[in-house]
Structures are given as structure tokens and as C-alpha cells.
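These are the residues of each chain, in order.
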Amino acid sequence: MRPVQTKLFINGEFVDGIAKGTIPVFNPFSGEVICEIAEARAEDVDVAVAAAKQAQKAWGRADAAERGHLLLKLADAIEANAEELIQLEALDTGHPVRDARKLDVPRTSRCFRYFGGMADKLEGFVPPVYPGFLNYVQREAIGVVGQIVPWNFPLMFTSWKMAPALAAGNAIVIKPSELTPLSTLRIAELMRDVGFPAGVVNVVPGYGHTAGQRLAEHPHVGKIAFTGSTATGRRIVQSSAGNLKKVQLELGGKGPNIVFGDANVRAAIGGSAFAIFHNQGQACIAGSRLILHKSVADEFLDGFTKLAKSIRLGDPLDPQTEMGPLTSKMHQERVLQFCQVAKDEGGEIITGGKRPDREDLANGYFVEPTIVRAKPTDRVSQEEVFGPFVTVTTFEDDEEALAIANGVQYGLGSGLWTLNLTRAHKLAQDIHAGMVWVNCYKIVHPGSPFGGVGESGYGREMGFEVMREYTQPKSVWVNYDSKMPPHYER
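Residues numbered from 1 in each chain as written. Predicted model: local features only at pLDDT ≥ 70, side-chain atom pairs only at ≥ 80, totals over all residues. Heavy atoms only, no water.

### So, the sheet that holds strand E13 (residues 348-351)
With mixed pairing, seven strands are arranged side by side in an open sheet as E13-E14-E15-E12-E11-E17-E18. Unpaired on one side and paired on the other, E13 and strand E18 (437-438) mark the two borders of the sheet. With two bridges joining them, strand E17 (residues 415-417) and E18 adopt parallel strand pairing. The partner of Leu-416 across the bridge, within E18, is Val-438. Running at roughly 165 degrees to E17, helix H9 (residues 265-277) makes contact with strand E11 (256-259), strand E12 (289-293), strand E14 (370-373), strand E15 (389-395) and E17 of the sheet. (Pairing = 2+ DSSP bridges. Helix = DSSP H or I, 4+ residues; strand = E, 2+ residues; numbered from the N terminus. Contact = heavy atoms within 4.5 Å. Axes fitted to C-alpha atoms, helices over the stretch in contact; angles between N-to-C directions.)

Given below as C-alpha cells:
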């Protein structure tokens, strides 16, 4: 693998931070330092925003098809460098290479390709107004957009944030997590190589309380788009008030995953395992609350527990590994604390709940796949654990299942397994969530909007909806017969 990029990307160049600070990036499998990256601080964000503001003037007025063409070229470059990106993402995050190969990298190129095609499809409209007047509404880029990407899917979320914002004509300053910045910096290299103008994209890895804070409060940033925790989302809203910038938040989740008595149990077991154990459970949309009908609970749990115990933990660079380490030591400790909380609350740990007892995994940030029988009101059933940790409870009828599903503050992803079409549609309407999967889970596509309600945030990623998020309407009135509407005349 080629040497990793370790510097900030500002105005088309890779540079050190002004203060010359650095941040260590750790390998979550070995615990060793991969490299030291340049640290962006508030003054670096200021330089990046100034570069973006200057570049956006030409970028926003450019032929939309040309913007789209560059995004398509980037998608080609990602596919041409796919294996390098796969290895880099696995090394930096702990994602097994099998997942990065099947999901992360294909989703990334597909997202840039989708919005490359969307760039010249954004239309305005002409509303019917008074006689003698033409009123047309066009959508304009916001200008400079600040974007903050989390550590759990850095490569994929970089595309979700960058692609629609650039297609709409914005310039961006993006802050990847200081824990997992390497794939985003590699994307910046590819963007430079395919010809994106200097300043249109700026990448400033740094800490949230410095670089992230400055980006959220910056007076020349017209919008901030954030994916991360609900607590941080609240702070971003407060910081954005200085210039009343537009805010888009994709926050935490506590996804209900309901299995009804008429479900295909075998399919539900496999789909539910993917819902919670993919990426070590580090997903805001994870199906982290299993809600099982009493008639199938025993059968389901027997098969689900056997599957969880069979998951192959190991080196994420090994193609046979099905589950890698958690991304950071700090997060491993947090998940293990929730295992203790489950015990303290009287929950039953059916399997897992600890570090694996294997010498070859001793240095990695591993937690075994964990299944906990818990009450819906227990803390572990209410708070986001963000790990390979799923709670289990049972229900007797549809009303009880719905009450349990909606009994949390979050509303992001949700799932239900049933062969009853009427039930499926009714529950999909009644579940308080931005997304509902029926007889599947965690299916995403750049053409479909992604986001939540309640304390899971507001605004949407992807789909045509996100093009509205990265633009604002301008209404233009033309009086073409020099007359005023009757009620305006004296």
C-alpha cells in the first residue's frame, strides 16, 4: 500500500497545520500508531473557509454538467483505486476487508456517480401568479458548507456529505474524525488528481472542540452538516446561532427490530445479525433492540445466539474475518461499561458481554457479539450503545410491539419481519422513525433519503431530498405588462 497522506488539504495543497500540531492515528487491531496526522485548529479552519469562499464563486456558476463530470471522474478513480481504499479503511477503522470490499467502497463510488448524474437535473419551477407577471423559482447553492464526518464509516460518509453538496454548486470544508481521517485524505488526493479546482474541497482533520467548533460557528459558513452523537448535535445547533446558518443533523439511534409470529424466522435471524453485528454494531441505524413475538422468541433466540457465537473475530485485513475490533480503545471501554450496566440492572447476558479470550486478539479493541435479555425501560434498552450489543424483549400483540418500538427518544432506523402485508404497511406508518425496513435491514441507496426524527436529528442525506438541503430557493418576479395587481392599485 502506498504511503498514507497525513497533511491538511487546503486550497488544493497538502499542508501542515499553522500550529504544527499532530494527532496519532491508531490501528484498532494492534493498538499501534499507524501515523501522525497534521492537526487542524481554528486558524486552519479560517484559512480553509476563506479558500472555499473564494473558490465557490466560480464553482457555483460553472456549467452544472461540468461539476457532474468531475464527480463521475472521481467515481472512476475510486473504482480504479478500490483495493487500496479497502485496505486503508480496514487498517484505520477495523472494518473487515470483506465488508469494505462488498459495501464501503462500492457505496462510495456509487454515491459520487449518482450525484454526478444529478448535478444538471436540479430544476426550478414557475408558479401561477397574477396576470402580467412571471414568477420563477430557482434553487441556488448555499455557498460554503461545513461538514463533520464521524469515525464509524469515514469513507462512505465522506461521499454522502461531499457528493450532493458539490453537485449543487457549494464549496466545502470537511472535518473527518481525528480517529479515522486516512480514507478522506486519500479521497482528497484523488479529487486533486481528477481536476477539482483548488479551494472547492478542503479537508481539515482535527478535534471536535477546536476545528469542529470553529466550523460550526464560522460566520462565513452557510450550512453545517453533521453526523454523530445527539449530545454533540445539540452543541452544534447552539454554535450555529451566530449567523443562523442552516443545520443538518444525522444523530443517534436505537433501532427497533420487530419479529412477528408469522415471520420467516430463518431470514429474520440472518437479517437481524447483519442489522446489529455488521461493522461491530458501530452504526447509528443498527437494529439494537430485538422485539420478538412470544410464539417465535425461543426459536429465534436459539438460532440467533448460535449465529452470534459463530461469528469469526480477527484481523480486519484477513478476508476470513467477519467482525473486527471496535474503532478505538475508548469506545471499547464504553461498550464494556454497558455490559456491566446490563448486569447491574438485572439483565441476562445470553452470550458475549466481554473481551474475547484469545491471545491473538489481546491487543485489539474487541468486544464479543453480545445479546442481553432486558426490559424495554432498562437503560441498555434506552441509550445508544453503538457496539455489537443487542437487547431482547418479547411482546404479545401488535399494539405492545409498537409501544415498545416507539418507547425511546430516537427515531432513525427500524425494521419489522412479517408476511402479513396489511400489518407491514400499518406498522411502517405508525413506527416513529425516518426509515423502516420490512423483511430486511440497513439497505441504503443514494437515491433514497436517509435520516431521522426526534433526537435522531433532522434533514436528510441522499436522494433528491438532499439536493434541497444543499440549496435554497430564490423567487424572481418579472412584471411584463407594466401593470400592478388590482389590489395594489391606488
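What follows picks up the thread again.
### Some points on the pattern of salt bridges
Side-chain pairs of opposite charge can arise whenever the charged atoms involved come near each other. Scanning all chains against the criterion turns up 30 salt bridges. The partner of Arg-358 in a salt bridge is Asp-360, and the shortest N-O contact between them spans 2.7 Å. Connected via shared salt-bridge partners are Arg-2, Glu-84, Arg-186 and Glu-189. (Salt bridge = Lys/Arg side-chain N within 4 Å of Asp/Glu carboxyl O.)

### Quick notes on the environment of Val-4
As for its placement among the helices and strands, Val-4 is situated in the segment before strand E1 (8-10). For the pair Val-4 and Arg-373, spaced 369 residues apart in sequence, the C-alpha separation works out to 43 Å. Among residues more than four places away in sequence, those in contact with Val-4 are Cys-35, Leu-88 and Leu-182.

### Things to note about the packing of aromatic side chains
Scanning all chains against the criterion turns up 15 aromatic pairs. Taking the centre distance of 4.8 Å and the plane angle of 65 degrees together, the rings of Trp-160 and Phe-450 count as edge-to-face. With Trp-160 in helix H5 (residues 154-167) and Phe-450 in the loop between E18 and strand E19 (453-454), this pair connects stretches of sequence that are 290 residues apart. No difference in accessibility class separates Trp-160 from Phe-450, as the two residues are buried. Taking the centre distance of 5.5 Å and the plane angle of 75 degrees together, the rings of Phe-260 and Phe-395 count as edge-to-face. Taken together, the residues span a long stretch of sequence, with Phe-260 in the loop between E11 and H9 and Phe-395 in strand E15 at a distance of 135 residues. Phe-395 matches Phe-260 in its accessibility class, with the two residues each being buried. (Phe/Tyr/Trp six-rings, centres within 6.5 Å; stacked < 30°, edge-to-face > 60°. Buried < 20%, exposed > 50% of the residue type's maximum accessible area, 1.4 Å probe, protein only.)

### Some thoughts on empty space enclosed by the protein
As enumerated under the stated definition, the model contains five cavities of 30 Å³ or more in all. Empty space within the largest cavity amounts to approximately 100 Å³. Lining the largest cavity are 13 residues, and of these Arg-107, Phe-153, Met-156, Ile-285 and Lys-442 sit closest to its centre. Of the residues that constitute the lining of the largest cavity, the class distribution is nine nonpolar, two polar and two charged. (1 Å grid on protein atoms, 1.4 Å probe; cavity = no way out; pocket = protein on both sides within 12 Å on 5 of 7 lines; lining within 4 Å. Points joined across faces, edges and corners; volume = space filled by probe spheres on them. Nonpolar A, V, L, I, M, F, W, Y, C, P; charged D, E, K, R; others polar.)

Everything listed is a geometric property; what it means functionally is a separate question.
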